[in-house]
Amino acid sequence: MKLIRGVLLLSLLSLSIAIQYDCENDFFDENFCLISSLRASNEYPACKMQFPEHKSIQLQFAHLEYLSPVLVYRMPTVERLDISNSYVGKAFVKPELEYLKISGCQLSEVFLDPEEEYQLTDLHLPANQLTRLPKNLNHLKNLTMLDLTSNRLDFLDMSQFNGLTNLLWIQLNDNYLKVIFADGSVKLPALTDLSMARNDIGLLDMSRWEVPLLQEFYVSNNRLQELSGDFPKKFPQLRTVSLAENQWDCEWQLRVRSELQQQNCTFEWFDCRDSAHNLATVKSLKKEQQLRQSMKDTLEQFAKNATGTTAVDFDDIVDDLFCRMYGVQ
């Protein structure tokens, strides 16, 4: 009897110190349940937290060293989880989730269990601290949308996406990507939209890509000189392309512009490296010539005022001045 009383007492005590979180908006709002200032730590253990039974939960101003399995399973009915304006160091992805967004939370690591069957279709992790693709990402068999914009990715093996046969959309803008390669074939049969703009990409190997439905492709503001792999012919569905602000080889540029026009693709003007260099050289030469002429005119006018004659040839003198001042002849 004393043992039973002790267990009941502990149960009541546990309930009395449970941390109850309620929706700060209308609970009956079918769109989402908003919860602010969630904290999980030794002082505030996740196992003592209770959450509303809602399919869609938004967290803001949270501080979570680890979005742990214990914590997410305290949200038994959640299917959509959106976390913003918070700190989340690491995150466990609950297999039952269909939508997960962790935005601007300094996230550095994501845990996916290869033994689980995930329901996730949308994974949005923009403005975080990820340096690599999440391990076991290709086990998200239902994934259609992937957003890794504004992280710290610096290189990428595209074959890591193999297995994501439903993936339609990949956003990799505003990272630190330098090299994109493929350690084996890349098979993305459903992908239609791929964006890698505003990185530092110098090498993009597309020779092993099998992406037959690609329609939109964005790689502007990088350091690319050409795209390997018979671009753009190997993407017959291509409709919109952004290639501006790179260092394209001029022969490659001429060929690709012609082929994009033949495929009826929409694209903005993109310069090649040689033409841009030549244009800069021409402008520089014109400026130099104007400066030389101005110096010569000034010297001739000074001589005329001093001697009353302009018989002196100042070309050699101007050349000598330029050589001394700018190191050019």
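Here, every reference points to the structure presented above.
This one's a predicted model, so the numbers in the text were calculated from it and none came from an experiment.

Draft legend 1. Up close: the sheet that holds strand E6 (residues 63-67). Reading across from one edge, E3-E6-E8-E10 is the order of the 4 strands in this open sheet, with parallel pairing throughout. Single-partner strands in this sheet number two, and they are strand E3 (39-40) and strand E10 (109-111). As paired elements, E3 and E6 share 2 bridges and run parallel to each other. Among the inter-strand pairings, Arg39 is bridged to a residue of E6, identified as His63.

Draft legend 2. View of the side chain of Ser159. Along the chain, the position of Ser159 falls in the loop between strand E13 (155-157) and strand E14 (169-171). On the basis of relative accessibility, which here comes to 14%, the residue Ser159 falls in the buried class. Here the side chain of Ser159 touches Asp157 through a polar contact of 2.7 Å, side chain to side chain. Setting aside anything within four residues of it in sequence, one finds Ser159 in contact with Asp183, Gly184, Ser185 and Val186.

Draft legend 3. Spatial organisation of the nonpolar core. Core analysis: the biggest nonpolar cluster contains 81 residues, and Phe161, Leu204 and Phe231 have the highest contact counts within it. Mapped onto this core, the elements with two or more residues apiece are strand E2 (33-36), strand E5 (56-60), E6, helix H2 (69-72), strand E7 (80-84), strand E8 (87-92), strand E9 (99-103) and helix H3 (250-262). Tallying contributions element by element places H3 first for this core, with 4 residues. Not counting residues up to four positions away in its chain, the partners in contact with Phe161 are Leu133, Leu137, Leu146, Leu156, Leu167, Ile170 and Leu188.

Draft legend 4. Just the environment of Asp154, in detail. Relative to the helices and strands, Asp154 resides in the loop between strand E12 (145-147) and E13. Residues Asp154 and Asn175, 21 residues apart in the sequence, show an inter-C-alpha distance of 7.0 Å. What Asp154 contacts, discounting residues up to four positions off in sequence, is Thr131, Arg132, Tyr176, Leu177, Lys178 and Val179.

Draft legend 5. Main features of the pairing of E7. Relative to E7, E5 runs parallel, the two sharing 5 bridges. By the bridge assignment, Ile57 is partnered in E7 with Leu81. Summarising the sheet, E7 and E9 pair through 5 bridges and their orientation is parallel. Bridge assignment links Asp82 to a residue of E9, and that residue is Lys101.

Draft legend 6. View of the pairing of E9. Examined bridge by bridge, E9 and strand E11 (residues 122-124) share 3 bridges and lie parallel to one another. Residue pairing for E11: Leu100 is matched across the bridge by Leu123.

Draft legend 7. Molecular detail of the pattern of salt bridges. A full pass over the atoms with the stated rule returns 6 salt bridges. Note that Arg198 is salt-bridged to Asp174, the shortest N-O span being 2.8 Å. Remark: Asp174 occurs in the loop between E14 and strand E15 (179-181) and Arg198 occurs in the loop between strand E17 (193-195) and strand E18 (203-204); sequence separation between them is 24 residues. Since its relative accessible area comes to 29%, Asp174 is described here as partly exposed.

Draft legend 8. Quick peek at the side chain of Asp122. Considering the arrangement of structural elements, one finds Asp122 in strand E11. Of the buried charged residues, Asp122 lacks a salt bridge, with Arg80 as the closest side chain of opposite charge at 6.0 Å. Setting aside residues no more than four positions away along its own chain, Asp122 makes contact with Glu98, Tyr99, Leu100, Leu143, Thr144 and Met145.

Draft legend 9. Quick peek at the sheet that holds E15. The strand order across the open sheet formed by 3 strands is E13-E15-E18, and the pairing between neighbours is parallel. In the strand order of this sheet, the two ends are held by E13 and E18, each with one partner. Pairing between E13 and E15: 3 bridges, direction parallel. Paired with Leu156 across the bridge in E15 is Ile180.

Thresholds applied
- Residues numbered from 1 in each chain as written.
- Predicted model: local features only at pLDDT ≥ 70, side-chain atom pairs only at ≥ 80, totals over all residues.
- Heavy atoms only, no water.
- Pairing = 2+ DSSP bridges.
- Helix = DSSP H or I, 4+ residues; strand = E, 2+ residues; numbered from the N terminus.
- Buried < 20%, exposed > 50% of the residue type's maximum accessible area, 1.4 Å probe, protein only.
- Polar contact = N/O pair within 3.5 Å; in protein donor to acceptor, adjacent residues only side chain to side chain.
- Contact = heavy atoms within 4.5 Å.
- Core = buried A, V, L, I, M, F, W, Y, C linked by side-chain atoms within 4.5 Å.
- Salt bridge = Lys/Arg side-chain N within 4 Å of Asp/Glu carboxyl O.
- Lys, Arg positive; Asp, Glu negative; His and termini not counted.

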